[in-house]
Amino acid sequence: MKKILYTTALMLMTAMVFTSCVGGQVSKKERKERKEQQESEKEAFPSTVIYTIRCSQDVVDAIDLVVKYKDKGGINATDTIRDTLWTKAVVHDSIPVKVGLDWSLSPKLASKITKETFDELYATYDIQIKPDRRIDANAIMRYLNFPASKLSDLCDLENYRQTVARTHHDFHFPCYVYGRNRQDYPGLDPWDDYEEADWDD
């Protein structure tokens, strides 16, 4: 009996340790505490975040792609994609810093659309910390031979996906805190690193 109780206790402790390592949805209280800790750990460390969006000419012609990004101090800034290459460099004086991209789509006015079918509607994003640290890169969308008559439905679908990713803390949603890794390793100084974050915390 003692052996069974001992084994059960070990299994419970292992499960608790595993759960604490894997984590889950972070509570508002934990997010607030983490934010306060990050504020107290601010240090002078110049860094430049480079946001890039590449898209096809069909996207420029058919869709208003509005980008929201984290500007200096983690403040939300907005821009509209007007060309096949959009890039924004944000210079920070200290770390940690909030880094992130969000977007929404709406179809252009029917009077401005000249095609019945778009060969390729694609857009991708890339987030880097200068000089050579890529934080995230992924597709925003990619559709081939897409009918102009369905643009409104496409925009609704992509906006819904983005909303779900943002509000459900989806790991595909590109929002991070860039700072120092505070793990203690004997003989090593903390190094620059990033971790997933919530857009609104």
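Criteria and thresholds
Sequence order sets the numbering: in each chain, residues are counted from 1 along the sequence as written. The predicted origin of the model limits local features to residues at a pLDDT of at least 70 and limits the giving and counting of side-chain atom pairs to 80 or more, whereas totals for whole chains, interfaces and linings rest on all residues. Side-chain numbers here rest on the full set of heavy atoms in the structure, without hydrogens or water. For the purposes of this entry, the term helix denotes a DSSP run of H or I that reaches at least four residues, the term strand denotes a run of E that reaches at least two, and both are numbered from the N terminus. Pairing between strands is defined by DSSP: at least two bridges between the two strands are required. Orientation is described by axes fitted as lines to C-alpha atoms, over the contacting stretch for helices, and by angles from 0 to 180 degrees between their N-to-C directions. Two residues form a contact once any of their heavy atoms are found within 4.5 Å. Confidence of the prediction at every residue is given by pLDDT, a number between 0 and 100. Residues adjacent in sequence count toward polar contacts only when both atoms are side-chain atoms; beyond that, a polar contact is any pair of N or O atoms within 3.5 Å, and within protein one must be able to donate a hydrogen and the other to accept it.

## Comments concerning unusual backbone geometry
Consideration 1: Each neighbour pair has its own omega, and for I95 with P96 the value is 5°, a cis peptide bond.
Consideration 2: Considering the arrangement of structural elements, one finds P96 in the loop between β4 (85-95) and β5 (97-107).
Consideration 3: Even without being glycine, N145 reaches a positive phi, approximately 50°.
Consideration 4: Looking at the secondary structure, you find N145 in strand β7 (residues 133-147).

## Some remarks on the sheet that holds strand β3 (residues 76-80)
Consideration 1: One open sheet accounts for 5 strands, arranged β3-β2-β5-β8-β9; its pairing is antiparallel. Since the sheet does not close on itself, it has two edges, and those belong to β3 and β9 (192-196), each with one partner. Neighbour-to-neighbour, the strand axes of this sheet turn through a mean angle of 20°, independent of strand direction.
Consideration 2: Where β5 lies against strand β8 (residues 175-180), 4 bridges are found, and the strand directions are antiparallel. Counterpart to G100 in the pairing with β8 is C175.
Consideration 3: Running over the sheet, helix α4 (residues 151-167) touches β2 (63-70) and β5 and is turned about 155° from β5.

## A short note on the confidence of the model for the protein
Low pLDDT means the predicted coordinates in that region are not meant to be read closely.
Consideration 1: Here the protein shows a mean pLDDT of 82. Residues at 70 or above account for 74%.
Consideration 2: Note that residues 1-24 has pLDDT below 50 and, in this model, 0 contacts with residues that lie over four places away or in other chains.

## Brief notes about the sheet that holds strand β6 (residues 117-129)
Consideration 1: Reading across the sheet, the 4 strands line up as β4-β1-β6-β7 and stay open at both edges, with antiparallel pairing between neighbours. A single partner strand is all that each edge strand has here, and the edge strands are β4 and β7. Put simply, the sheet's adjacent strands are angled 10° from each other on average, direction ignored.
Consideration 2: Where β6 meets β7, 12 bridges bridge the pair, whose relative direction is antiparallel. Each bridged residue has a counterpart across the sheet, and for Y125 the counterpart in β7 is N138.

## Section: the environment of R142
Consideration 1: Following the sequence through the fold, R142 ends up in strand β7.
Consideration 2: Excluding anything up to four places from it in sequence, R142 contacts E120, L121 and Y122.
Consideration 3: Side-chain polar atoms of R142 contact the side chain of E120, separated by 2.7 Å.

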